[in-house]
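So the chains spell out like this:
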There are 2 protein chains.
Amino acid sequence: MHVRRVRVVQDVLDANATIARANRADFDRAGVVVINFMSAPGAGKTTLLERLLERLETLPDSPRVGVLEGDVQGSLDADRLARFHDVPVTQINTDPGFGGECHLDANMVRSALPSLPLTEIDLLLVENVGNLVCPAEFRIGEDHRVMVCAVTEGEDKPIKYPLMFRTCELVAINKIDLLPHLDFAMDQFERNLDAVHPGVERMRVSARTGEGVDAWVSWILGALERQRVRA
Amino acid sequence: MHVRRVRVVQDVLDANATIARANRADFDRAGVVVINFMSAPGAGKTTLLERLLERLETLPDSPRVGVLEGDVQGSLDADRLARFHDVPVTQINTDPGFGGECHLDANMVRSALPSLPLTEIDLLLVENVGNLVCPAEFRIGEDHRVMVCAVTEGEDKPIKYPLMFRTCELVAINKIDLLPHLDFAMDQFERNLDAVHPGVERMRVSARTGEGVDAWVSWILGALERQRVRA
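Owing to the predicted nature of the structure, the values given are computational and were not obtained by experimental measurement. (Residues numbered from 1 in each chain as written. Chains lettered and ligands numbered in written order. Predicted model: local features only at pLDDT ≥ 70, side-chain atom pairs only at ≥ 80, totals over all residues. Heavy atoms only, no water.)

(A) Up close: the interface of chain B and chain A. At the interface, 38 residues of chain B touch 38 residues of chain A. Buried surface at the junction of chain B and chain A, summed over both partners, amounts to about 3100 Å²; 59% is from carbon and sulfur atoms. At the boundary of chain B with chain A, the tally comes to 6 salt bridges. The interface formed by chain B and chain A holds 13 residue pairs in polar contact (both at pLDDT 80 or more) in total. Mapped onto the side of chain B that touches chain A, the elements with two or more residues apiece are helix 1 (12-30), helix 3 (76-84), helix 5 (157-160) and helix 6 (162-166) of chain B. Tallied by class, the residues present in the side of chain B that touches chain A amount to 19 nonpolar, 8 polar and 11 charged. (Contact = heavy atoms within 4.5 Å. Buried area = accessible area lost by both parts, 1.4 Å probe. Salt bridge = Lys/Arg side-chain N within 4 Å of Asp/Glu carboxyl O. Polar contact = N/O pair within 3.5 Å; in protein donor to acceptor, adjacent residues only side chain to side chain. Helix = DSSP H or I, 4+ residues; strand = E, 2+ residues; numbered from the N terminus. Nonpolar A, V, L, I, M, F, W, Y, C, P; charged D, E, K, R; others polar.)

Below is the structure:
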């Protein structure tokens, strides 16, 4: 008889990829577009999500949105989003894991699936744990990866955390309202970005002043539209 | 015969603690005080270390300093420090590990010991990988843990990353030159800090303008002096 060989899953990242594909299949069946938002701590992910939710609420044909919040402990951001926006928010805390996990992984997201109203939403916004290393290594079943990088973090971040910048489709360069008060060279940052991920899409935003937020919202709506066209 | 029971090391953190104690014994034998600097990416650790090295160089009885740089990839910070300061700098890259480790651990530091001129220095400054989660979990054999937290990161960070703020002895609150341009409530930040680490020592600094740097340098010199008195 012909022997069928099955490659044994080799490590934790293989196992993660397997579960991520299962998540993705569930999201696809429900017709939900999933965006994984990643950044360093304090880059402004939550505030950018707030600006996004505010704008989406004003649209005539607003997509139905859900939020999945990942934090080591607590639910500060989830509470903040749930308080002011009429969207279902689910919190994952990573602290029961090994000393507090520094990232979401596919299995954590899978364990949250029963709490997510997948049949009632079109778009799931996942806010990952603030960290520029491990979240990039663990796919969770997302359709898109968006990074937020604040200009206050310095021009060198793409060079120091290349995998993060390499595995995202969009880099939102946030806190540009602070540029006049910083020694931040945008051209050097963009050269560093192109060195690790040539030509990756990027946009300059200020979650605080609202500058650039229209383009940011359009990008998200475009991702949703492209998915609708494919489906 | 009486049976001697040995507790088996239980997990990766136990193994790390064992190696950290071995590192610490080697540092103690050489009379080197080791400070582990931790922060989120872009909080300003390297710039604060530069300010420190500049001041130390002007002292009549300057301590002999070495630097150990931890990064996922590259040696940007190590090159920066070595270019302008007459100190031995050793680089650890964590990327040969599991997808790029997000922290230094005791074994990485141990593997760097042969490259460190321990008999020629009094003070070893270790700049950890920028991350607010895992570096807090892995002791490396340090005498002191110092955190740098930038006001641009927001008031909520102690609540979101409690272990990091709980396991350090000093929190340097950096980038205070930007306070007039931010919606950062220092009193709220300090309340959050006290909620997770009541009364922890803290100081306000600006690596950019030099404000508060004298107190920062004094703290480091004090740590060195306390060790000399103990020895």
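Moving on from the model shown.
(B) View of the nonpolar core. Ranked by internal contacts, the top residues of the largest apolar core, which has 56 residues, are Phe 165 and Val 171 of chain A together with Phe 165 and Val 171 of chain B. Among the elements of the structure, strand 5 (144-150), helix 6 (162-166), strand 6 (170-174) and helix 7 (186-196) of chain A together with strand 5 (144-150), helix 6, strand 6 (170-174) and helix 7 (186-196) of chain B are those that each provide at least two residues to this core. (Core = buried A, V, L, I, M, F, W, Y, C linked by side-chain atoms within 4.5 Å. Buried < 20%, exposed > 50% of the residue type's maximum accessible area, 1.4 Å probe, protein only.)

(C) Region of the structure containing the relation of the copies chain B and chain A. With an RMSD of 0.0 Å, the operation that places chain B on chain A is a rotation of 180° combined with a shift of 0.0 Å along the axis. Here the copies are linked by what is in effect a two-fold axis. Closest approach to the rotation axis within chain B is made by the C-alpha atom of Asn 131 of chain B, at a distance of 3.0 Å. The share of interface residues of chain B whose copies in chain A are also at the interface is 100%, consistent with both copies meeting through the same surface. (Least-squares fit on C-alpha atoms with pLDDT ≥ 70 in both.)

(D) Just the pattern of salt bridges, in detail. What the rule picks out here adds up to 40 salt bridges over all chains. Between Asp 77 of chain A and Arg 80 of chain A there is a salt bridge, with the nearest N and O atoms lying 4.0 Å from each other. You can see Asp 77 of chain A and its partner Arg 80 of chain A sitting in helix 3 (residues 76-84), 3 residues apart, about one turn around the helix. For Arg 204 of chain B, the salt bridge identified is with Glu 190 of chain B, shortest N-O distance 2.8 Å. Highlighted residues: Arg 204 of chain B in strand 7 (residues 201-204) and Glu 190 of chain B in helix 7, separated in sequence by 14 residues. Its relative accessible area of 44% is what places Arg 204 of chain B among the partly exposed residues. On the basis of relative accessibility, which here comes to 18%, the residue Glu 190 of chain B falls in the buried class.

(E) Summary view of the pairing of strand 7 of chain B. Residue and element names in this part refer to chain B. In this sheet, strand 7 lies alongside strand 6 in parallel orientation, the contact comprising 4 bridges. Bridging from a neighbouring strand, Ala 172 pairs with Met 203 of strand 7. Between the parallel elements strand 6 and strand 7, the chain passes through helix 7 in a crossover that is right-handed. (Pairing = 2+ DSSP bridges. Right-handed = clockwise from strand over helix to strand, strands pointing away.)

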